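Tertiary structure, described
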Amino acid sequence: MGLGDFMLFPQLNNSRLLIKLDGIWDFALGNEEFDESLCLSPIENAEKVYVPASYNEQKADERFYNHYGWAYYQTAFSLPDISEKRLVLRFGAVTHACRVYLNGKQIAAHIGGFLPFETKILQSDLKAVNLLAVAVDNRINTSTLPVGNDIKRAMFGSGLPDFESVHKTEIKPKNYPNFDFFNYSGIHRSVWFYTTPIEHIKDITITTDINGKNASVSVNAALSHGGAADVEILDRYGKTVATGNTDAPLNISDVHLWQPGAAYLYTAKITYKNDCYCQKFGVRSVEVKGSKFLINGKPFYFKGFGKHEDSDFYGRGINQAQNVKDLSLMKWLGANSFRTSHYPYSEEMLNLCDEEGIVVIAETPAVGLNKNSYGKVFETHKKVLCDMIDRDKNHPSIVMWSLANEPDTEDENAHDYFMPLYDLAHERDPQNRPVTTVVCNNNYTADRTAPAMDVICANRYYGWYIFGGDLDAAQQAMTAEMEYFKQFGKPFMITEYGADAISGLHQSVPTMFSEEYQKEYLKCINSVLDKYDFVVGEHVWNFADFQTIQGTMRADGNKKGVFTRDRKPKLAAHYLRERWNK
Ligand code: GCB
């Protein structure tokens, strides 16, 4: 159920109305059985939670934190008379699977926790006061993206003790993420109603071609009733620089390029009958040439981070003030980019990156893929890749697609699994951006997938998980790996390297978990990377401390942030600031 492929970001303008349903909603935790009755009439003794946000950390209640299975949200609303309009209900993201009911009738269902879905609402579905119910399932397993473990074992546990018979212990069903971030759940991004005229613009695709000082701009629109739409291109100040329609490319003379760190956005104002939509876009080119990554024909070096959508109380829920702060902190450091590890981020964040000139590598939620899941998730992986590209194709900030994070690419099936996805991403993307798979294999010489990508992207933890505390060994191992990857003649980027540091823990001799060690670790790995011309970037893991499943390896989450979870800089941040501002 749902509208399918077309997904313009909601917009308030003189032909479209926009109503946000964010706020305090009624809520109840369920269990593994779906209970439809909690979607049909008001929940008795409902709890109160805020939407959009994860429910896990909103209460001082272990049941919320560790919930497994269904949870139920409800809100009541009334709408003004919009009977002449087409009405759509849109969810930015509900994690991971959900069913939506309006006035006791199911109107939508969606699987996948990081992309939007929408559904058309009929006037006949509406009453004076309406009940909207959303049931959310947070269970993950070997068939879902991201991938969960079916077996009862803690993430970093070694053997699997026989709990039932030897230890006489029955373990409650739980989520065992095969990934290192907390399995936050709930309605994570805004819920909106929007209207369009009946004859409306369904989708917009903008591509640009730079010819010297000018650019040709093709604006393609999917239109509900066929025909063409008028197009007006406005510069940053709202001045018209080109007019035409969707049938032929338009020309911008003396074009301002969208540059990393110096964004310039144009607006394509598209008018179709009584509908109108303003789509921002940037003019820039992206290309891999030999071992270089070129933006606007110039070699680009990625300085930045792998991140997470993660904050106190909101969990993985959208936190726009934090997004603004994060980009500001990146600029303070001299960083220019990040990867949306390990799932597509909110459209609001990508819009902000477009405006701020921050470069983005956009990643699917395919994290934790191993040989047990290859056979099961391929179709889901294809769908989520296409949905992500369809949603995000117009963002100038996005310069590369990442198909997955750390799949088991030593496995002999990996190459055959990933190459069709690689081709699909290229075909699907109207801008044909470079495509990568982020890998991390101890036996990297067995990996045939990484070298087949446009950019070789590898995560590496020499000096932490391997040779922990021994930076001398780390330096040698990193050098050996670089010598190996040199032969492919492709750009190489380190997409993760990092060390946990407990904020405030200091040591005169840098030892693991101290702020000094984190800094020395980064310096050590950088000293190797700096020797190789084919290195096109360094993304430190992680921008900030973030929450994970509990375990012996995690003291209140992952502490590899160069900022704390509340965005206070550690020593490493000052080191990077010096390095990146040079
Ligand atoms: C990785 C993963 C990332 C983890 C990180 C770590 O390789 O890609 O999700 O958080 O290592 O700190 O262990």
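Remember, it's a predicted structure, so these values are computed and weren't measured experimentally.

Take the overall build of the protein chain next. In terms of helices and strands, the protein chain carries nine helices and 32 strands. For the protein chain, whose C-alpha radius of gyration is 24 Å, the value lies close to the compact-globule estimate of 25 Å for 582 residues. Buried positions account for 57% of the 582 residues belonging to the protein chain. Of the contacts formed within the protein chain by residues at least 6 apart in sequence, a portion of 73% connects residues at least 24 apart. A total accessible area of about 23,100 Å² is found for the protein chain, and carbon and sulfur atoms account for 50% of it. Where the 61 positive side-chain charges of the protein chain centre and where its 73 negative ones centre are 3 Å apart.

Turning next to the packing of helix α5 (residues 371-392) against helix α6 (residues 414-428). α6 packs onto α5 with a crossing angle of 20 degrees between their chain directions and a minimal axis gap of 10 Å. As far as their axial angle goes, α6 and α5 are roughly parallel. Seen from above, α5 lies across α6 with right-handed handedness. Contacts from Tyr374, Val377, Phe378, His381, Lys382, Leu385, Cys386, Ile389 and Asp390 in α5 reach Ala414, Tyr417, Phe418, Pro420, Leu421, Leu424, Ala425 and Arg428 in α6. Broken down by class, the residue content of the contact of α5 with α6 amounts to 13 nonpolar, one polar and three charged.

Near the ligand lie 13 residues; those nearest to it are Asp180, His342, Glu406, Tyr465 and Lys560. A distance of 2.4 Å separates an oxygen atom of the ligand from a polar side-chain atom of Tyr465. Within the contact set of the ligand, an oxygen atom lies 2.8 Å away from a side-chain nitrogen or oxygen of Asn558. Protein coverage of the free-state accessible area of the ligand, which is 320 Å², stands at 92%. Taken together, the residues of the shell around the ligand break down into four nonpolar, four polar and five charged.

Considering all chains together, one arrives at 36 salt bridges under this definition. Between Asp26 and Lys48 there is a salt bridge, with its nearest N and O atoms 2.5 Å apart. Taken together, the positions of Asp26 in strand β2 (residues 23-29) and Lys48 in strand β3 (residues 47-51) put the pair 22 residues apart, joining distant regions of the chain. With a closest N to O distance of 3.8 Å, Lys371 and Asp408 form a salt bridge.

Take the sheet that holds strand β17 (residues 230-234) next. If you walk across this open sheet you meet the four strands as β18-β17-β20-β21, and the pairing is antiparallel. With one partner strand each, in any of the chains shown, β18 (240-245) and β21 (275-281) form the two edges of the open sheet. With direction set aside, neighbouring strand axes in the sheet form an average angle of 20 degrees. Summarising the sheet, strand β20 (residues 266-272) and β21 pair through seven bridges and their orientation is antiparallel. Within β21, the residue paired with Tyr272 across the bridge is Asp275.

With 15 residues, α6 ought to run about 21 Å at 1.5 Å a step, and its terminal C-alpha atoms sit 21 Å apart, in line with that. The set of residues buried in α6 consists of Ala414, His415, Tyr417, Phe418, Met419, Leu421, Tyr422, Leu424, Ala425 and His426. If you follow the buried residues of α6, they end up packed against α5, β28 (398-405) and β29 (435-439).

Chain-level statistics for the protein chain give a pLDDT mean of 95 and a share of 96% at 70 or above. Note on residues 154-158: pLDDT under 50 across the span, and seven contacts to partners over four residues away in sequence or across chains.

Looking now at the sheet that holds strand β31 (residues 492-496). Ordered by their spatial adjacency, eight strands build a closed barrel running β25-β26-β27-β28-β29-β30-β31-β32, and the pairing between neighbours is parallel. Strand after strand, the sheet turns through a mean of 25 degrees between neighbouring axes, direction not considered. Direction of pairing for β29 relative to strand β30 (residues 456-459): parallel, over a ladder of two bridges. Across the sheet, the residue bridging to Val438 is Cys457, located in β30. Strands β30, β31 and β32 (535-541) of the sheet are contacted by helix α7 (residues 471-486), whose axis makes an angle of about 140 degrees with β31. The strands that helix α8 (residues 515-529) touches are β31 and β32; relative to β32, the one it contacts most, it runs at about 170 degrees.

This part is about unusual backbone geometry. With an omega dihedral of 5 degrees, the bond running from Val51 to Pro52 counts as a cis peptide bond. Along the polypeptide, Pro52 turns up in the loop between β3 and α2 (62-65). Note that the residue after Leu145, namely Pro146, is joined by a cis bond; omega there is 0 degrees. For Pro146, the position within the fold is in the loop between β10 (130-137) and β11 (148-149). Despite not being glycine, Lys273 shows a phi value in the positive range, around 50 degrees. Positionally, Lys273 belongs in the loop between β20 and β21.

In this section: helix α3 (residues 320-333). Taking 1.5 Å per residue, 14 residues should reach 20 Å; α3 reaches 20 Å between its end C-alpha atoms and fits that length. Buried residues of α3: Gln322, Asn323, Asp326, Leu327, Leu329, Met330 and Leu333, and no others. Projected onto a plane normal to the axis of α3, the buried residues spread over an arc of 160 degrees and lie on a single side. Those residues of α3 that are buried are in contact with β25 (302-306), β26 (337-339), α4 (347-356) and α9 (571-580). At the exit of α3 stands Gly334, carrying a positive phi of roughly 85 degrees.

Quick look at the pairing of strand β8 (residues 105-111) now. As judged from the six bridges shared by strand β7 (residues 97-102) and β8, these two strands associate in the antiparallel manner. Counted as the bridge partner of Arg99 is Ala109 from β8. Between β7 and β8, which pair antiparallel and follow one another directly, the connecting turn spans two residues, one of which, Asn103, has a positive phi of 50 degrees.

Parameters at a glance
- Residues numbered from 1 in each chain as written.
- Predicted model: local features only at pLDDT ≥ 70, side-chain atom pairs only at ≥ 80, totals over all residues.
- Heavy atoms only, no water.
- Helix = DSSP H or I, 4+ residues; strand = E, 2+ residues; numbered from the N terminus.
- Rg over C-alpha atoms; globule rule 2.2 N^0.38 Å.
- Buried < 20%, exposed > 50% of the residue type's maximum accessible area, 1.4 Å probe, protein only.
- Contact = heavy atoms within 4.5 Å.
- Areas by Shrake-Rupley, 256 points an atom, 1.4 Å probe, with all protein chains shown as cover.
- Lys, Arg positive; Asp, Glu negative; His and termini not counted.
- Charge placed at Lys NZ, Arg CZ, Asp CG, Glu CD.
- Axes fitted to C-alpha atoms, helices over the stretch in contact; angles between N-to-C directions.
- Parallel < 35°, antiparallel > 145°, perpendicular 65-115°, else oblique.
- Left-handed = near helix turned anticlockwise from the far one by under 90°.
- Nonpolar A, V, L, I, M, F, W, Y, C, P; charged D, E, K, R; others polar.
- Near = heavy atom within 4 Å.
- Polar contact = N/O pair within 3.5 Å; in protein donor to acceptor, adjacent residues only side chain to side chain.
- Salt bridge = Lys/Arg side-chain N within 4 Å of Asp/Glu carboxyl O.
- Pairing = 2+ DSSP bridges.
- Expected span 1.5 Å × (residues − 1).
- pLDDT = per-residue confidence, 0-100.
- Arc of directions from axis to C-beta.

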